[in-house]
Amino acid sequence: MEEDTEYLKLNIEDRCVHKAWKARVNGYEEAKKLFNQIADEKSPEWNKFLGLLKKMVVDSNALAQEKGLEAVLAYVENSAVAGKTVGDVMSGLVAKCIGAPKAKTKELAGQIALMYVEIEKHEVVLEELLKGTEQKNPKIVTGCISIIIQGLKEFGIKVITIKPILKRLPQLIEDRDKTVREETKALVVEMYRWIGAALNPQLTFLKPIQMTELKPDFDKVSGQKAAPTRYLRSQQAKQSKIAAETAEADDGEEGDECDDGGAGDVDPYELMIAVDILSRLPKDFYEKVEAKKWQERKEAVDALDQLLQGGPKLENGDYGELVRTLKKMITKDSNVVIVALATKCLATIATGLKKRFQPYAVACISGLLEKFKEKKQNVVVALREAVDAIYVSTTLEAIQDDVLAALENKNPSVKAETAVFLARCFTKCTPVVLNKKLLKAFSAVLLKTLNESALTNSSTKPSVVFAECSFEDSTLPAKKPS
């Protein structure tokens, strides 16, 4: 009996690494008590245990492991240095706890993971959980997905970001294990609860039957206002203050609305996984676009069009040569089919880059506006889409000279289409953006076009919006020219 309790003479740290499991159980229990008693989160006492936490979570004895997990949870909750251990501990949780037979072990593993999220280590936690979904053991995969779902429910998508999760969904939804597939569907539904229809463009990998199965669940959560129920440490003081003010407001007058950390409006573009098209261009692309035979030129643009199918978000890169090539085809090629296709590709690139298209925007606008002299409807429609897509990356002031020149163009079609394009630009401007300097620059030309009978309908649209900009103090309503 005396030999069995010899370990009690050791300090807590030594008991935690003792070869006897009973000694370790005692060490973990005492460590938990100590972690709950240390008043100062920055006490040097915490440093003694930094290297022991992973050993606690991977203990080979089931009872000792459970006691170790309880101690780790107390450590993470109370220590200022706990963040240093997140990588080691999370990898241990994934390998030895999340798929464990004992329910208590799995529950504690989830609590520890979410406590690391609370202390601002959410990125590492999500990274390790997603690594866990690549394991062969379906119990581990299901457990990792389950914790991600719980993290979303508690902290929301501003903390548990959806974008890295989306990369794993196509593989997980097709997993051979039914439990994994069902848990993945639950994850998709939870994401839909937060962002609604903005998720749809990212679900193209789903089969029609899978979408049919998910639709009733989507309908149940559609319209719900998702909001976090748990906050990061850095947010907790602010949220406590908001809660107190809200309670006060309930007793008296209604208070101002506050940010509850909900999803808000989510731009589907931000969820997209960027695609690299530059490295995938055919090796002979730039040769073929210069070929004398129109069939070869079309073949080159067709290849680019295929890479741009679906309007992907594009990776960062130097698109200068590609944009210049497309611009040349649009303005110089004699084949209207190629012109329309090249214009479509340029619009898709501008949309895929958004603000990052800015270095190429001004150089493109003048040529596109000039090309409105083309009478073929398929070319005109493509040009409209292209100038609108490009305008997102630039400003009215930056393209002012090109637009004014196009409004003075001798060709009525160029004038008319430029006027309507300008109307669309005006509807996206506030009085601050559309300042007096710009108004003065456009006013003379727009008033002049009003006197040209062939252009009356086209020029009236920007002139009406222009007049509103002159007199309104508030942001223009988001109207679209008919």
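Residues numbered from 1 in each chain as written. Predicted model: local features only at pLDDT ≥ 70, side-chain atom pairs only at ≥ 80, totals over all residues. Heavy atoms only, no water.

Asker: Could you give an account of the layout of surface pockets, with specific residues and numbers?
Answerer: Considered as a void within the structure, the largest pocket measures approximately 340 Å³ in volume. Around the largest pocket, the lining is made up of 17 residues, and of these Pro 201, Gln 202, Thr 204, Met 272 and Ile 273 lie nearest the centre. Tallying contributions element by element places helix 9 (residues 163–172) first for the lining of the largest pocket, with three residues. Its residues assigned to classes, the lining of the largest pocket shows nine nonpolar, five polar and three charged. (1 Å grid on protein atoms, 1.4 Å probe; cavity = no way out; pocket = protein on both sides within 12 Å on 5 of 7 lines; lining within 4 Å. Points joined across faces, edges and corners; volume = space filled by probe spheres on them. Helix = DSSP H or I, 4+ residues; strand = E, 2+ residues; numbered from the N terminus. Nonpolar A, V, L, I, M, F, W, Y, C, P; charged D, E, K, R; others polar.)

Asker: Quick rundown of unusual backbone geometry? Include the residues and the values.
Answerer: The residue Glu 120 is not glycine, and still its phi comes out positive at about 80°. Inspection of the secondary structure puts Glu 120 in the loop between helix 6 (103–118) and helix 7 (122–132). Even without glycine at this site, Lys 354 takes up a positive phi of about 50°. For Lys 354, the position within the fold is in the loop between helix 17 (336–353) and helix 18 (358–370).

Asker: Give me helix 16 (residues 320–332): which residues, what numbers.
Answerer: Because each turn of an α-helix spans 3.6 residues, side chains separated by three or four positions in sequence point in the same direction. Spanning 13 residues, helix 16 covers 18 Å between terminal C-alpha atoms, matching the ideal 18 Å at 1.5 Å per step. All buried positions along helix 16 are accounted for by Gly 320, Leu 322, Val 323, Thr 325, Leu 326, Met 329 and Ile 330. Where helix 16 is buried, its residues contact helix 14 (285–288), helix 15 (294–307), helix 17, helix 18 and helix 19 (377–391). (Expected span 1.5 Å × (residues − 1). Buried < 20%, exposed > 50% of the residue type's maximum accessible area, 1.4 Å probe, protein only. Contact = heavy atoms within 4.5 Å.)

Asker: Report on the nonpolar core, specifying residues and quantitative values.
Answerer: Most often, soluble globular proteins have nonpolar side chains that are buried together. One finds Leu 93, Tyr 116, Ile 160, Leu 187 and Met 191 to be the most contacted residues of the largest nonpolar core, which totals 80 residues. Ranked by the residues each element gives to this core, the list is headed by helix 8 (residues 138–155), at nine residues. Excluding residues within four positions of it along the chain, Met 191 makes contact with Leu 152, Ile 162, Ile 165, Leu 166, Leu 169, Gly 196 and Leu 199. Residues Leu 308, Leu 369, Leu 404 and Val 445 belong to the second largest nonpolar core, which totals 62 residues. (Core = buried A, V, L, I, M, F, W, Y, C linked by side-chain atoms within 4.5 Å.)

Asker: With reference to specific residues and values, describe the environment of Ala 62.
Answerer: Checked against the element boundaries, Ala 62 lands in helix 4 (residues 62–78). Here the alpha-carbon distance between Ala 62 and Thr 105, two residues 43 residues apart in the chain, equals 8.4 Å.

Asker: Tell me about empty space enclosed by the protein, residues and numbers included.
Answerer: Taken as a whole, this structure holds one cavity of 30 Å³ or more when the rule is applied. Put simply, the largest cavity is a space of about 40 Å³. Along its surface, the largest cavity is lined by Leu 114, Val 117, Val 125, Leu 126, Leu 129, Ile 147, Ile 148, Gly 151 and Ile 160. Sorting the residues of the lining of the largest cavity by element identifies helix 6, helix 7 and helix 8 as the ones contributing at least two each. Class assignment for the residues of the lining of the largest cavity results in eight nonpolar, one polar and no charged.

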